[in-house]
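Residue-level structural notes
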Amino acid sequence: MRLFCVLLMFISGIYSSASAQYALSGLVTDALTGQALSNVVVYLPEFQLTTQTTDAGYFQFNDLHSGSFLVEFKASAYHNRIEEIELDATTHLLVQLQPAVKECHEVIVTGVSRNANAAISPLQVQTLQSAQFMRLTSSSLVEAVAVMPGVSTRSTGSAIAKPIIRGLGANRIITLTNGIRQEGQQWGEEHGIEIDEYAIDRVELIKGPGSLLYGSDGIAGVLHFLTPKALPAGAMQSKLLTNYQSNHHLIGTSLSTAGAKKQFQWQAQLSSKLAGDYRNAADGYVTNSGFRELNATLFLGLTKKWGFSQVHLSSFNQLVNLPEGERDSLGHFNYLDLNGIVRTADPLHFSGYAIGAPHQEIHHLKLVANQSVIVKKGNWLLDLAFQSNQRKEISEVMAAQTPYLFFELNTFNTNLRFNFRKQNGWYHTLGFGGMYQINTNHGLKAMIPNHQLLDAGVYGITQKKWNQWNWIFGLRVDQR
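A brief report on the enclosed structure follows. (Residues numbered from 1 in each chain as written. Predicted model: local features only at pLDDT ≥ 70, side-chain atom pairs only at ≥ 80, totals over all residues. Heavy atoms only, no water.)

**Some remarks on a nonpolar patch on the surface**
Residues Phe264, Leu298, Leu300, Leu302, Val311, Leu313, Leu365 and Leu367 make up a contiguous nonpolar surface patch of about 600 Å² in total accessible area. Breaking the nonpolar patch down by element, the ones donating at least two residues are strand 22 (291-304), strand 23 (307-321) and strand 26 (359-375). Considering each element in turn, the nonpolar patch owes the most residues, three residues, to strand 22. Tracing the sequence through the fold places Phe264 in strand 19 (residues 264-275). (Patch = residues over 30% accessible without salt bridge, like charges linked within 9 Å, V, L, I, M, F, W, Y side chains within 5 Å. Areas by Shrake-Rupley, 256 points an atom, 1.4 Å probe, with all protein chains shown as cover. Salt bridge = Lys/Arg side-chain N within 4 Å of Asp/Glu carboxyl O. Helix = DSSP H or I, 4+ residues; strand = E, 2+ residues; numbered from the N terminus.)

**Describing empty space enclosed by the protein**
Applying the stated criterion across every chain, the model contains four cavities of 30 Å³ or more. Empty space within the second largest cavity amounts to approximately 350 Å³. Secondary structure elements with two or more residues in the lining of the second largest cavity: strand 19, strand 22, strand 23 and strand 26. Of the residues that constitute the lining of the second largest cavity, the class distribution is 10 nonpolar, 12 polar and three charged. (1 Å grid on protein atoms, 1.4 Å probe; cavity = no way out; pocket = protein on both sides within 12 Å on 5 of 7 lines; lining within 4 Å. Points joined across faces, edges and corners; volume = space filled by probe spheres on them. Nonpolar A, V, L, I, M, F, W, Y, C, P; charged D, E, K, R; others polar.)

**Details of the layout of surface pockets**
Looking at the largest pocket, its volume works out to about 1200 Å³. Along its surface, the largest pocket is lined by 44 residues, and Asp201, Pro228, Lys229, Gln237 and Lys239 are the ones closest to its centre. Among the secondary structure elements, those contributing two or more residues to the lining of the largest pocket are strand 2 (41-44), strand 3 (49-52), strand 5 (67-74), helix 2 (130-133), strand 17 (236-245), strand 18 (250-261) and strand 19.

**Topic: the sheet that holds strand 3**
The strand order 3-2-5-6 describes an open sheet built from four strands, whose pairing is antiparallel. Either end of the sheet is taken by a strand with one partner, and the two such strands are strand 3 and strand 6 (81-87). Across the sheet, the axes of successive neighbouring strands diverge by a mean angle of 25°, strand direction being ignored. Relative to strand 3, strand 2 runs antiparallel, the two sharing four bridges. Looking at strand 3, one finds that Val42 is bridged to Thr51. (Pairing = 2+ DSSP bridges. Axes fitted to C-alpha atoms, helices over the stretch in contact; angles between N-to-C directions.)

**Notes on the nonpolar core**
Buried together is how nonpolar side chains tend to be arranged in soluble globular proteins. Membership of the largest hydrophobic core comes to 22 residues, with the highest contact counts inside it found for Leu24, Leu44, Phe73 and Leu97. Only strand 1 (22-30), strand 2, strand 4 (58-64), strand 5, strand 6 and strand 7 (91-97) provide two or more residues apiece to this core. Excluding its chain neighbours within four sequence positions, the residues that come into contact with Phe73 are Val28, Val40, Val41, Val42, Phe59, Asn80, Arg81, Glu83, Leu93, Val95 and Leu97. Ranked by size, the runner-up nonpolar core spans 19 residues in total, among them Ala161, Ile173, Ile193 and Ile195. (Core = buried A, V, L, I, M, F, W, Y, C linked by side-chain atoms within 4.5 Å. Buried < 20%, exposed > 50% of the residue type's maximum accessible area, 1.4 Å probe, protein only. Contact = heavy atoms within 4.5 Å.)

**Brief notes about unusual backbone geometry**
Unlike most non-glycine residues, Gln48 shows phi in positive territory, near 55°. Along the chain, Gln48 turns up in the loop between strand 2 and strand 3. By relative accessible area, Gln48 is classed as buried at 19%. In the Ramachandran plot, Lys262 falls in the positive-phi region, its phi being about 55° despite a non-glycine side chain. For Lys262, the location among the structural elements is in the loop between strand 18 and strand 19. On the basis of relative accessible area, Lys262 is assigned to the exposed category, the value being 72%.

Right, here's the structure in full:
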């Protein structure tokens, strides 16, 4: 805690160096006709600022700090364009966008240590937009990501899927959400990634070893899930999204609202999924294979001339049935219900959305604070996060309220780095990251650690340990 306080005092102390105020304005036109383009989205990732061009094609950002920044321009029917600017005074740009028969999704890459143009990134990065994976008939976000080249999944049931990159999976892949490692129980056989599909705007896949920036277990690559960007100042937006899948009669719903007023941004979202038994093409419905989800997210952001401060809060809650049993000679499942009564399932008819046994309950709470401060030599980035992951497994039909497995994992993450301004075509980043985890068993069987204590018939043990501190140093050269 003392270290965090010193860092915060140090960062707050350099606000005084951000006293200079500059403006960035410009005109966006069609490269062929010279006509001014309206409603072009202009994005400054270092400040987390978004605006749109007027009917006359103009845009403007005020109260900016000097520095080297990227500016992204995006418009329907035009190729995206990324400009790198040196803002040492009030600057005016003239930007020409090339018409495109098909829109090209060229994006600012945030999966690396700093914002960068995808064309010059030293890492191989592929991007999947939400509009693409929302059209897929998948029951989980990881299954949708499997359409990316070199990515496959391993699934052990509905809503349970793990990514595999070029044949490597499990703890050889790191999953990030808004720059923070997603730490649940991704190593578990019947456990997926606790991320709400409806809350993700795009997915970035970083292939190859990422251990220098993210940890020693990123040998296969990194999956980075990113939430939507903040809206332009003065804008408000509400969305209602629903979908239906016939195989297991999945009903998905998402309601979100977002807005921005002056330098303050917010977004709130509530989503749910309800799925029954899925149908096997060979022999009909599989008993006890449905699941439920109820998730919520909240985002609050503040943008100033010195940078930005953001808070992300998410709650992921899932009930997943675990199929068990065998079919008889007629193709029916004979199983015990929660009352201990033998039931026979009809593989030809849908049996509803009931939660049976065995099943598991997943609860994942995540709180992330991101801070960026721009100074003369570059910019500071500080990330602090807390995650609480709980997994309960109800295995005994006659004792449905007694968790056989009840494992709790609490994780504290911190990242601090400094991105130097470009010097002679080189980018320098210096920083460190750390993670502290507490594992606790509450159930009848201990999962981690491997030994257990026995006291009056109750099993349980708590182990605290420092998992890893990773020192980070990165160099990158502009190859254009």
